[in-house]
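So you can see what is in the structure, the chains are spelled out below.
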Amino acid sequence: MRRSALALCVMFTISSALAADDALPLKTLAGSYVATAVIKDGKPAPVDVWKGMTAVIEGETLTFSFTTKEKAFPAKLSKLDAKAEPARIDIAPDSGTEKGRTFPGIYKLEKDVLTLAFSEHGDRPQDFSGARDATVITLKKIEK
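1. Re unusual backbone geometry
Note the cis peptide between E85 and P86, where omega equals -5 degrees. Within the fold, P86 resides in the loop between β5 (72-81) and β6 (87-93). The phi angle at D41 is positive, at roughly 55 degrees, despite the residue not being glycine. Assignment of secondary structure puts D41 in the loop between β1 (31-40) and β2 (43-44). Within the chain, D133 stands out as a residue other than glycine whose phi angle is a positive 65 degrees. Structurally, the position occupied by D133 is in the loop between β8 (113-119) and β9 (134-142).

2. Digging into the pattern of salt bridges
For the structure shown, the criterion picks out six salt bridges. A salt bridge links D133 to K40; the shortest N-O distance between them is 3.9 Å. Residue D133 is located in the loop between β8 and β9, and its partner K40 is located in strand β1; the two are separated by 93 residues in the primary sequence. Relative accessible area serves as the criterion here: at 28%, K40 is assigned to the partly exposed category. Note that R101 is salt-bridged to E98, the shortest N-O span being 2.4 Å. A relative accessible area of 27% places E98 in the partly exposed class. Where salt bridges share partners, they join K40, E120 and D133 into one cluster.

3. Remarks on the pairing of strand β7 (residues 103-110)
By the bridge criterion, five bridges tie β6 to β7 in an arrangement that is antiparallel. In the strand pairing of β7, I89 is matched with G105. With six bridges joining them, β7 and β8 adopt antiparallel strand pairing. Note on β8: the bridge partner recorded for L109 is L114. Between β7 and β8, which pair antiparallel one after the other, the connecting turn spans two residues, and K111 there sits at a positive phi close to 55 degrees.

4. Side note on the layout of surface pockets
Estimated volume of the largest pocket: approximately 650 Å³. Around the largest pocket, the lining comprises 23 residues; the ones closest to its centre are F64, F66, F73, F103 and F118. Counting only elements with at least two residues in the lining of the largest pocket, the list comes to β1, α2 (47-50), β4 (61-66), β5, β6 and β9. Here the lining of the largest pocket takes three residues from β5, the largest share from any one element. Classifying every residue of the lining of the largest pocket by side-chain character gives 14 nonpolar, four polar and five charged. The calculated volume of the second largest pocket comes to roughly 200 Å³. Lining the second largest pocket we find 14 residues, and of these R124, P125, Q126, A131 and R132 sit closest to its centre.

5. Brief notes about the packing of aromatic side chains
According to the stated counting rule, one finds two aromatic pairs in the structure shown. Between F103 and F118, the ring centres sit 6.0 Å apart and the planes meet at 15 degrees, which makes this aromatic pair stacked. Linking F103 in strand β7 with F118 in strand β8, this pair joins segments that are 15 residues apart in sequence. You'll find F103 and F118 in the same group, each marked buried. The ring of F128 carries K108 above its face, with NZ or CZ at 4.7 Å from the centroid.

The rules we used
- Residues numbered from 1 in each chain as written.
- Predicted model: local features only at pLDDT ≥ 70, side-chain atom pairs only at ≥ 80, totals over all residues.
- Heavy atoms only, no water.
- Helix = DSSP H or I, 4+ residues; strand = E, 2+ residues; numbered from the N terminus.
- Salt bridge = Lys/Arg side-chain N within 4 Å of Asp/Glu carboxyl O.
- Buried < 20%, exposed > 50% of the residue type's maximum accessible area, 1.4 Å probe, protein only.
- Pairing = 2+ DSSP bridges.
- 1 Å grid on protein atoms, 1.4 Å probe; cavity = no way out; pocket = protein on both sides within 12 Å on 5 of 7 lines; lining within 4 Å.
- Points joined across faces, edges and corners; volume = space filled by probe spheres on them.
- Nonpolar A, V, L, I, M, F, W, Y, C, P; charged D, E, K, R; others polar.
- Phe/Tyr/Trp six-rings, centres within 6.5 Å; stacked < 30°, edge-to-face > 60°.
- Lys NZ or Arg CZ within 6 Å of the ring centre and 35° of its normal.

No statement about biological role is implied by the geometric values presented.
Encoded structure:
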């Protein structure tokens, strides 16, 4: 009986610690950002394509918005692994033609600059070059 109770306590402690580990990267990434650069297929995207793009991360939700469009593009963030090298993240759009798909990605956060790299049609990017059908978005955190 004591062993069962001890085993339950250990399992509860481990599962609580794992849940806290999953939440930590989300708390670290939380905030409002403005895009400073976009790379698509290894080449810089034209500024007029991404100018005015903002992103907000709240909980498990990443929402991209554009000042030129009056529409928001929410997505769910999942499978965050801050211990992987590079750190991993999956982005799953909540609406539009991409709803139901998951874009495997990686990220890095350096001070107030968040860089996301994800693939729309292939495997998870291995770096932040934007090569092989990857999109890389560099975002600077803004104070509100």
